[in-house]
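Topology and contacts: notes
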There are 2 protein chains.
Amino acid sequence: MTHTSTPLLGGIEAGGTKFVCAVGYPPDNIYALEQFPTTTPRETLGRTLDFFRSQPHLPDAIGIATFGPADVRPTSNTYGFITSTPKPGWRNTDLVGFVERSLYLPAAFDTDVNGAAVGEHAWGAGQDVDNLLYLSVGTGFGGGAIVEGVPVHGLVHPEMGHLNLPRANGDDFKGHCPYHGPCLEGMASGPAIKARWGIPAESLPPDHTAWEFEAHYLSLAVTNLILTLSPERVIMGGGVMQQEHLFPAIRSRVQSYLNDYVQADAIIRGIDNYIVPPGLGDRAGVLGAMGLALSL
Amino acid sequence: MTHTSTPLLGGIEAGGTKFVCAVGYPPDNIYALEQFPTTTPRETLGRTLDFFRSQPHLPDAIGIATFGPADVRPTSNTYGFITSTPKPGWRNTDLVGFVERSLYLPAAFDTDVNGAAVGEHAWGAGQDVDNLLYLSVGTGFGGGAIVEGVPVHGLVHPEMGHLNLPRANGDDFKGHCPYHGPCLEGMASGPAIKARWGIPAESLPPDHTAWEFEAHYLSLAVTNLILTLSPERVIMGGGVMQQEHLFPAIRSRVQSYLNDYVQADAIIRGIDNYIVPPGLGDRAGVLGAMGLALSL
């Protein structure tokens, strides 16, 4: 193996449910990977440290793709922190400081979904475009965006999970988001599906009404995001999108909502290659974290 | 006057209702400006040509900020064209080719709202930020976005006027958009207001129910756009926004919809300086066109 021209990268996918740590030369040669549940910061960051310290070679840089809200503005005093999360114990946790001070390594930092967008752009389903959207539908709904090759941050970072959308006909669910009730995440995330039907998403049969409603909210969200960001590709991952029947349902509804108003072959004729699953599969998260380190 | 270090700029604000042409050193020294109604391409572009040819000095470059849809991708065969517009006679009109071949000048080209966003960023209400949104509420609803200093294009260009939003309580208007019925533009543009109430927006008193509905749709749109693009400032112009009472109504509803979820002082404490009218007033359009020429 010769990797003299490429740096050895580390990645930390800091998820609300689990942490995934990796070292290697992405995308193909990830020679060490470990995952463990997200418990307290002390225990979880301790295991993270143990993972990297047990490697024969420390990476040249580490990328951190984190759950949020997080402070991703490099000029801010609290850059690198998880900020106002409701997750117990994690409020105001300094992830970049942790990596820099315990491993003496440079760290890049972004949201989990921006990380996944960066990874898909570098090695996955978005390699041929510079404007893309990565959406994760699972325990929440997250959206990361790349515009002209650069992840979108702005004032804080996008929070696409909390969009306001028209209700589906006959849907009177009050919504599951503690902040907004029936926002997108409150209607269409995995926990919202379970709260509404009393059955976890993965146990609902494909012909259940739940999937009609799910396709409604997800396709309206994708339509609005296309109208706002004009992405060249929309990549949809996360646990709920493991239900592959959602893809054709979303594609046809998006075409129907747009009604040929956006005159783009990619949407009108090529939508099967426009709204797609992640090219990196379930490694999108940790590879995305490693992708962030490329910017250092 | 000394302007030796700055180029002499021309601007064409190509609106669906009127064209505005200007020459000068923006923002303060616009020494020639003319506007005329948008009729046929032959007549309208003829008057545009006459304007520039009658100047003592031709500008160094011309920026064109146009109604759409338009092809703003420099690598495309039809770059510089107005494309699939329903406006009679204007489909497939080559505006960049017109300027280059009749005036032998370099031309920059973007949507009217991206132009206004560029102008506000250069000289108006967005000079201190690099991520901003410019929304125009008038004969249509248009949105231009700047992300890290660069106007958003992507696949085509944003079409924020056609967002799908929840209806206001008690609102059963079928909507005025020929493509989407009750989309944002179909519910909240000037012509939609007139179609719904039978009275033009400018003649409706400030306590008319129309403004409750208008504030509903505009504030939901702004909320969704903040959640998607995370702008550092939202600038709202256009004929409908001449109704100044809309600003406090939109600001308070946006705060209420977001419900402190986006933890940013700019929104929670500083919203009067976050959702604002254009700094360039009704010159935002033509100054924006001139601003586009700065990129040449």
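The structure contained in this document is the topic of the report that follows. Owing to the predicted nature of the structure, the values given are computational and were not obtained by experimental measurement. (Residues numbered from 1 in each chain as written. Chains lettered and ligands numbered in written order. Predicted model: local features only at pLDDT ≥ 70, side-chain atom pairs only at ≥ 80, totals over all residues. Heavy atoms only, no water.)

This paragraph deals with the overall build of chain A. When you go through chain A residue by residue, the secondary structure sums to 9 helices and 12 strands. Each principal axis of the C-alpha atoms in chain A carries an extent, and together these give about 55 × 40 × 35 Å. A fraction of 61% describes how many contacts in chain A between residues 6 or more apart in sequence connect residues 24 or more apart. In the structure as shown, chain A presents an accessible area of about 11900 Å², 49% of it carried by carbon and sulfur atoms. (Helix = DSSP H or I, 4+ residues; strand = E, 2+ residues; numbered from the N terminus. Contact = heavy atoms within 4.5 Å. Areas by Shrake-Rupley, 256 points an atom, 1.4 Å probe, with all protein chains shown as cover.)

Bringing the interface of chain B and chain A into the picture now. The interface of chain B with chain A comprises 42 residues on the first partner and 42 residues on the second. Buried area between chain B and chain A, summed over both chains or domains, comes out near 3700 Å², and the portion from carbon and sulfur atoms is 62%. Taken together, chain B and chain A are joined by 2 salt bridges. Where Arg73 of chain A meets Glu232 of chain B, a salt bridge forms, and the shortest distance between an N and an O atom there is 3.2 Å. Here chain B and chain A share 24 residue pairs in polar contact (both at pLDDT 80 or more) between them. Going through the elements one at a time, helix H6 (209–229), helix H7 (246–258) and helix H8 (265–268) of chain B are the ones with two or more residues in the side of chain B that touches chain A. In terms of residue count, the dominant contributor to the side of chain B that touches chain A is H6 of chain B (7 residues). Residue classes in the side of chain B that touches chain A are distributed as 24 nonpolar, 14 polar and 4 charged. (Buried area = accessible area lost by both parts, 1.4 Å probe. Salt bridge = Lys/Arg side-chain N within 4 Å of Asp/Glu carboxyl O. Polar contact = N/O pair within 3.5 Å; in protein donor to acceptor, adjacent residues only side chain to side chain. Nonpolar A, V, L, I, M, F, W, Y, C, P; charged D, E, K, R; others polar.)

Residue and element names in this part refer to chain A. Of all 7 residues making up strand S9 (residues 141–147), 7 are buried, and the element is well covered by its neighbours. Residues Phe141, Gly143, Ala145 and Val147 point to one face of S9 and Gly142, Gly144 and Ile146 to the other, with burial holding for every one of them. Sheet topology note: the strand S8 (residues 132–137)/S9 ladder contains 6 bridges and is antiparallel. Residue pairing in the sheet places Leu135 in a bridge with Gly143 of S9. (Buried < 20%, exposed > 50% of the residue type's maximum accessible area, 1.4 Å probe, protein only. Pairing = 2+ DSSP bridges.)

A few words on unusual backbone geometry. Backbone torsion omega between Gly68 of chain A and Pro69 of chain A reads -5°, so that peptide bond is classified as cis. With respect to the helices and strands, Pro69 of chain A occurs in the loop between strand S4 (61–66) and strand S5 (81–82). The step from Pro26 of chain B to Pro27 of chain B runs through a cis peptide bond, and the omega angle for that step is 5°. Inspection of the secondary structure puts Pro27 of chain B in the loop between strand S2 (18–25) and strand S3 (29–37). The backbone of Asn259 of chain A shows a phi angle near 55°, a positive value even though the residue is not glycine. Mapped onto the elements, Asn259 of chain A comes out in the loop between helix H7 (246–258) and helix H8 (265–268). We classify Asn259 of chain A as partly exposed; its relative accessible area is 37%.

Residue and element names in this part refer to chain A. For helix H2 (residues 95–103), the buried fraction is high: 7 of the 9 residues fall into the buried class. Those residues of H2 that sit buried are Leu95, Val96, Gly97, Phe98, Val99, Ser102 and Leu103. By the N-cap criterion, in which a side-chain oxygen at the helix start approaches the backbone nitrogen of a residue two or three places on, H2 is capped by Asp94, the distance to Gly97 being 2.8 Å. A positive backbone phi angle near 55° is found at Tyr104, which sits one or two residues after H2.

All names here are of chain A. Where helix H6 (residues 209–229) contacts H7, the two axes come as close as 8 Å, and the packing angle between them is 50°. On the basis of the axis angle, H6 is oblique to H7. As H6 packs across H7, the resulting crossing turns out to be right-handed. Within the contact between the two elements, H6 uses Trp211, Glu212, Glu214, Ala215, His216, Leu218, Ser219, Leu220, Val222, Thr223, Ile226 and Leu227 and H7 uses Leu246, Ala249, Ile250, Arg253, Val254, Tyr257 and Leu258. (Axes fitted to C-alpha atoms, helices over the stretch in contact; angles between N-to-C directions. Parallel < 35°, antiparallel > 145°, perpendicular 65-115°, else oblique. Left-handed = near helix turned anticlockwise from the far one by under 90°.)

On to the sheet that holds strand S11 (residues 233–237) of chain B, then. Residues and elements named next belong to chain B. Taken in spatial order, the 5 strands of this open sheet run S10-S9-S8-S11-S12, and their pairing is mixed. At either end of the open sheet lies a strand with only one pairing partner, and these are strand S10 (150–151) and strand S12 (275–276). Where strand S9 (residues 141–147) lies against S10, 2 bridges are found, and the strand directions are antiparallel. Looking at the pairing, Val147 lines up with Val150 of S10. Each of strand S8 (132–137), S9, S10 and S11 touches helix H3 (residues 112–123); the most contacted strand, S9, lies at about 50° to it.

Looking now at the packing of aromatic side chains. Tallied over the full model, the rule gives 14 aromatic pairs over all chains. A centroid spacing of 5.7 Å and a plane angle of 35° characterise the contact between Phe19 of chain B and Trp90 of chain B, whose relative ring orientation is tilted. Taken together, the residues Phe19 of chain B in strand S2 and Trp90 of chain B in the loop between strand S5 (81–82) and strand S6 (93–94) connect sequence positions 71 residues apart. On the numbers, 5.8 Å between centres and 75° between planes, the contact of Phe67 of chain B with Trp90 of chain B is edge-to-face. In this pair, Phe67 of chain B sits in the loop between strand S4 (61–66) and S5 while Trp90 of chain B sits in the loop between S5 and S6, placing the two residues 23 residues apart along the sequence. These aromatic residues form a ring-pair network of at least three members: Phe19, Phe36, Phe67 and Trp90 of chain A. (Phe/Tyr/Trp six-rings, centres within 6.5 Å; stacked < 30°, edge-to-face > 60°.)

Once that is clear, we can look at the state of the cysteines. As used in these notes, a disulfide is a covalent bond between sulfur atoms, one from each of two cysteines. Residues and elements named next belong to chain B. Evaluated as defined, the whole model comprises 0 disulfides over all chains. Here Cys177 is not cross-linked by a disulfide; its sulfur's nearest cysteine counterpart is in Cys183, at 3.8 Å. Cys183 gets classed as buried once you look at its relative accessible area, which sits at 1%. (Disulfide = S-S within 2.5 Å.)

Okay, the pattern of salt bridges next. All names here are of chain A. Scanning the model with the defined rule gives 14 salt bridges over all chains in all. As a salt-bridge pair, Asp265 and Arg269 come within 2.3 Å of each other at their nearest N and O atoms. You can call Arg269 exposed: its relative accessible area is 65%.

It is worth spelling out the environment of Ile268 of chain A at this point. All names here are of chain A. Locating Ile268 in the fold gives a position in helix H8. Note on Ile268: relative accessible area 24%, which makes it partly exposed. Residues Ile268 and Gln255, spaced 13 residues apart in sequence, show a C-alpha to C-alpha distance of 6.9 Å. The contacts of Ile268, once residues within four sequence positions are left out, are Gln255, Asp260, Val262 and Gln263.

For the α-helix, the turn length of 3.6 residues means that residues three or four positions removed from each other point alike. Residue and element names in this part refer to chain B. Relative to the 16 Å expected for 12 residues at 1.5 Å per residue, H3 spans 16 Å between its end C-alpha atoms, a close match to the ideal helical length. Among the 12 residues in H3, 10 count as buried, and that is most of the element. Those residues of H3 that fall on the buried side of the exposure criterion are Val113, Asn114, Gly115, Ala116, Ala117, Val118, Gly119, Glu120, His121 and Trp123. (Expected span 1.5 Å × (residues − 1).)

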